[in-house]
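Structural characterization, general
What follows is the residue order along each chain.
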Amino acid sequence: MEEELKCPVCGSFYKEPILLPCSHNVCLACAWNITVQTPEGETPVQRASGSSDYDYLDMDKMSLYSETDSGYGSYTPCQLKSPNGVRVFPPNIPRHCSLTCPLCHRSVSLDERGLRGFARNRLLEAIVAKYQQTRGIAGSASSTSVKCQLCDRNPLDATVMCEQCDVFYCNACQQRCHPSRGPLAKHRLVPPPKRAENARGPATENAGGSSGSGGGAAGSSGAPMPPVTARKPATCADHEAQNFSAYCCTCKSPTCTKCLEEGKHNQHDVKPLAVMWKQHKCQLSQALNGVSDKAKDAKEFLVQLKNLLQQIQESGVEFEACVVAQCDSLIEALTRQKAKLLTKVTKEKEYKQKVVRDQITHCTMKLRQTTGMMEYCLEVLKENDPSGFLQISDALIKRVSSSQDQWVKGALEPKVAPEFDLSLNTDALLQTILQLDFCQGKDVLEESPLLKQLQAADSGEAEEMEEAESPEVETGPSVPAAPLLQLEKCCTRNNSATLAWRVTAPTGNPIEGYILELDDGSGGQYREVYVGKETVCTVDGLHFNSSYNARVKAYNAIGVGPYSKTVVLKTSDVAWFTFDPTSAHRDIVLTNENQTVTCSSYDDRVVLGTAAFSKGVHYWEVTIDRYDNHPDPAFGVARINTMKDMMLGKDDKAWAMYVDNNRSWFMHNNSHTNRAEGGISKGATVGVLLDLIKRTLTFYINKEQHGPIAFENLDGVFVPAVSLNRNVQVTLLTGLELPKNYKQ
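Described in the following lines is the structure provided in the data block. Numbers given to residues run from 1 along each chain, matching the order in which its sequence is written. Only residues with pLDDT of at least 70 are given local features in this predicted model, and only at 80 or more are side-chain atom pairs given and counted; all residues enter the totals for whole chains, interfaces and linings. Water and hydrogen atoms were dropped before computing side-chain values, which therefore reflect all heavy atoms in the structure.

On to the overall build of the protein chain. Starting at the N terminus, helices and strands are each numbered in turn, a helix being any DSSP run of H or I of at least four residues and a strand any DSSP run of E of at least two. Tallying secondary structure elements over the protein chain gives 14 helices and 33 strands in all. Partly exposed describes any residue whose relative accessible area lies between the buried limit of under 20% and the exposed limit of over 50%, with all areas from a 1.4 Å probe on protein chains only and scaled to the type maximum. The proportion of buried residues among the 744 residues of the protein chain is 35%.

What follows is the structure in structure tokens.
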């Protein structure tokens, strides 16, 4: 509200405010500061609030003097503007006064009463006084002091006044606009005393009378303000002894009894003052209610905009993560396909090399035989015994002929060509990647007809698809349609499988969830592995080197829909894993992306692997990176809940071989068996072979089997495990093939 209580001219709280015809208010002193003189007979243009800016410019031009009329030749200061944008002119020429509202720029001529002709806004004055008392704001000398009329913004207090120009100047404006030289040297500059207010003319009597009160306020600026006294009733401007008793609706102003008796409002609509007071109060209250509702709506809208800003930020982060995930999935799919293509190339290369090596071996053997026979025949030709020669000549001739027949056409030509009869066309895929961009709006869960036909052709269901796409009559709500597995998003990683699907067509009833089923990896019965609303699911803990059949179906309030097509997911042939930091003892120290492990304690501590085995044959190795002071590290398998603060194999949940630099023992449930000679040193490798088909555990040192089969009749789920102390550091090697001398 404070801005409503400040004068638009001086920027301070209203002091003796007067009400202009345009319903705006200004201080009485400020009204005199913005009063301008117009030549005799010239009436300022009345500018309504709805008129254009060009009207005001025309009015401004009409209020200007020419240099000839001014009587001062080229006089720059008198043509400058005051802070409210109204021009100031020299006095001493017969002229009339006019006032321009600083807010709406509407001009009004002053009559013989001057500023006394404007009603004093006592209500606003009382509100300002009450507000100042409430906020502890005291009047200051600067609030009532005369301001410089040439400052552009925040006018300073005037220090001098030119009696000829009738303009107040601050020090800076006086030096810039009214120098004491040239044609202005004869002007008299005087300080702005109190008596100067009375020298302005009859129009300032009321203003002068109020300046004394302003000065009194200034003198008490440092003291606490006195309590607000009761205001005197407002009196008529024409009859100062008469209080207002009626309200003229035509003139829209209060009037007194004498004004009515004099007949000033004979033909006007005059009503009692109290009645109009209550009526206008009621109208103002109703208008305030409407504004209050709009203000409330605006506050709620601001809260909505702030929430929207936060939602945009969160949605942006989520969408960025989604884009990154989609691009990463494309890169991962491309990487997997790259590995498959390189595997095919490697197989093709090895096949060609094998064919060429076999051909070299075969040709070398035949050449050796032919060369030996030729040397023998040459020796026979050197003999001079005819009977002996004839005795073997027939056999030799047959052998030579037979040998010649072996070198038939094609025997001396390579069976394979050095070039690879394979080609990889990536132009279409590259073009698709380059055209990858966002689509406006949400994704439509609808496939292109070409893609549908290709999928149907691959599964031999083109005819069924055409029948399904034929128009049908809607039969009301039904169960959901079979979900469509998104093969480009389905993948396997190690012994985990990720599946994604979506609904091909919406149903009348919303889908409540999905049921994902997998078989046992051996073609057995399906079992539910996920039930929920998500359309992406990752299944962990599958068997290695196994092929799983997966299918999904949706359900709603009506019932369960049909299954999707079955997709086959093959897990990794060999296990790739690292040491698990989450289940390791706190003294375990992992480095090299959790593949290298040591310990910070002199006691043995256990660390497990991230993979679990319950089926198949698995082999991994551990390389000894550091081996000091002949410790006894242990290697083997364990249950997930084995003890972590003692040597591996001392409880009944671990099966291990512990070994030093000379010998080794097998240990389970603190039982030591099968001592074997031969130990480890820095650079040695320890291999662990877990055969869950034969249910055995075997150990290797430096690629050779160490001792007999360590443990038999193993059943359940096993995790790779190692125990060691601070004298040992080892590195895990996974994804290895079985030892060559091992027979499954």
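Next, the rest of the story.
A cluster of nonpolar side chains, F301, L302, L305, L308 and I312, forms an exposed patch at the surface whose accessible area comes to about 470 Å². The topology assignment puts I312 in helix α10 (residues 273-381). Under the relative-accessibility criterion, I312 is labelled exposed at 52%. A patch consists of residues whose relative accessible area exceeds 30% and which take part in no salt bridge; residues with like charges are grouped when within 9 Å of each other, and nonpolar side chains (Val, Leu, Ile, Met, Phe, Trp, Tyr) when within 5 Å. For the area figures, the Shrake-Rupley method with a 1.4 Å probe applies, and any residue is considered shielded solely by the protein chains shown. When a carboxyl oxygen of Asp or Glu is within 4 Å of a side-chain nitrogen of Lys or Arg, the pair counts as a salt bridge.

The next subject is the packing of α10 against helix α11 (residues 386-406). Interaxial angle, 0 to 180 degrees, is taken between N-to-C directions of lines fitted to C-alpha atoms, where a helix line uses only the stretch in contact. Remark: α10 packs on α11, axes separated minimally by 11 Å, with the N-to-C direction vectors making an angle of 155°. One way to sum up the angle between α10 and α11 is to call them roughly antiparallel. α10 and α11 meet at a crossing whose hand is left-handed. Between α10, through K366, T370, M373, Y376, C377, V380 and L381, and α11, the contact on the second element is made entirely by F389, I392, L396, R399, V400, S403 and Q406. Asp, Glu, Lys and Arg are counted as charged, while Ala, Val, Leu, Ile, Met, Phe, Trp, Tyr, Cys and Pro are counted as nonpolar; the rest, among them Gly, fall into the polar class. In the contact of α10 with α11, the residues fall into nine nonpolar, three polar and two charged. Orientation categories follow fixed angle ranges, with anything under 35 degrees roughly parallel, anything over 145 roughly antiparallel, 65 to 115 roughly perpendicular, and all other angles oblique. Note: crossing handedness is left-handed where the near helix turns anticlockwise from the far helix by less than a right angle, and right-handed where it turns clockwise. By definition in these notes, contact holds between two residues if any of their heavy atoms fall within 4.5 Å.

Another aspect to go through is the side chain of H585. Inspection of the secondary structure assignment puts H585 in the loop between β20 (567-570) and β21 (588-591). Pairs of N or O atoms within 3.5 Å make up the polar contacts considered here, provided that, within protein, one atom can donate a hydrogen while the other can accept it, and that residues adjacent in sequence are counted only when both atoms are side-chain atoms. Within polar-contact distance, the side chain of H585 engages the backbone nitrogen of D587 at 3.1 Å. With residues near it in sequence (within four places) discarded, H585 still touches R605, V606, K644 and D645.

Here we take up the sheet that holds strand β27 (residues 663-668). Sheet architecture is open: six strands sit in the order β23-β32-β25-β26-β27-β28, paired in antiparallel fashion. The open sheet terminates on both sides in strands that have one partner only, identified here as β23 (605-608) and β28 (671-677). The mean inter-strand angle of the sheet, taken between neighbouring strand axes irrespective of direction, is 20°. Only when DSSP finds a minimum of two bridges between them are two strands counted as paired. In this structure, strand β26 (residues 654-659) lies alongside β27, joined through five bridges in antiparallel fashion. Its bridge partner lying in β27, A656 is registered against M667.

Now for the pattern of salt bridges. Applying the stated criterion to the full structure yields 14 salt bridges. Between R336 and E332 there is a salt bridge whose closest N-O contact spans 3.5 Å. Placement of both R336 and E332 in helix α10 is noted, with a separation of four residues, approximately one turn of the helix. A salt bridge links D358 to K354; the nearest nitrogen and oxygen atoms lie 3.2 Å apart. On the criterion of helical spacing, the pair formed by D358 and K354 is a turn pair, its members being four residues apart in helix α10. Members of the salt-bridge network, linked through shared partners, are E332, R336 and R493.

Of note in the backbone geometry, S23 takes a positive phi value of approximately 75° without being a glycine. Secondary-structure assignment places S23 in the loop between β1 (17-19) and β2 (25-27). A relative accessible area of 55% places S23 in the exposed class. Here the phi dihedral of K252 falls at roughly 55°; this positive angle occurs in a residue that is not glycine.

Moving on: the sheet that holds strand β12 (residues 270-272). The sheet built from three strands is open, its strands ordered β11-β10-β12 with antiparallel pairing. At either margin of the open sheet sits one strand with a lone partner, and together these are β11 (253-255) and β12. When the angles between neighbouring strand axes are averaged without regard to direction, this sheet yields 35°. Bridge count for strand β10 (residues 246-248) against β11 is three bridges, and the pairing is antiparallel. Bridging across to β11, Y247 finds its partner in P254. The sheet strands contacting α10 are β10, β11 and β12, and the helix crosses β12 at an angle near 85°.

Before going further, it helps to examine the pairing of β27. Counted along the chain from β26 to the antiparallel partner β27, the turn is three residues long. As defined by bridge partners, β27 adjoins β28 across five bridges and the pair is classed as antiparallel. When the sheet's bridge partners are listed, H668 is paired in β28 with S671. Hairpin connection between β27 and β28: a loop of two residues separates the two successive antiparallel strands, and N669 in this loop has a positive phi of roughly 55°.

What follows deals with the nonpolar core. Generally speaking, nonpolar side chains in soluble globular proteins are found buried as a group. Residues grouped as a nonpolar core are buried Ala, Val, Leu, Ile, Met, Phe, Trp, Tyr and Cys residues, joined through side-chain atoms within 4.5 Å. Of all hydrophobic cores here, the largest spans 40 residues; its most connected members are F613, F635, L690, L697 and V730. Once you skip the residues sitting within four places of it in the chain, L697 turns out to touch V637, W655, V688, L689, L690, I709, A710, F711 and L714. In this structure, I18, V26, C104 and L124 belong to the second largest nonpolar core, which totals 26 residues.

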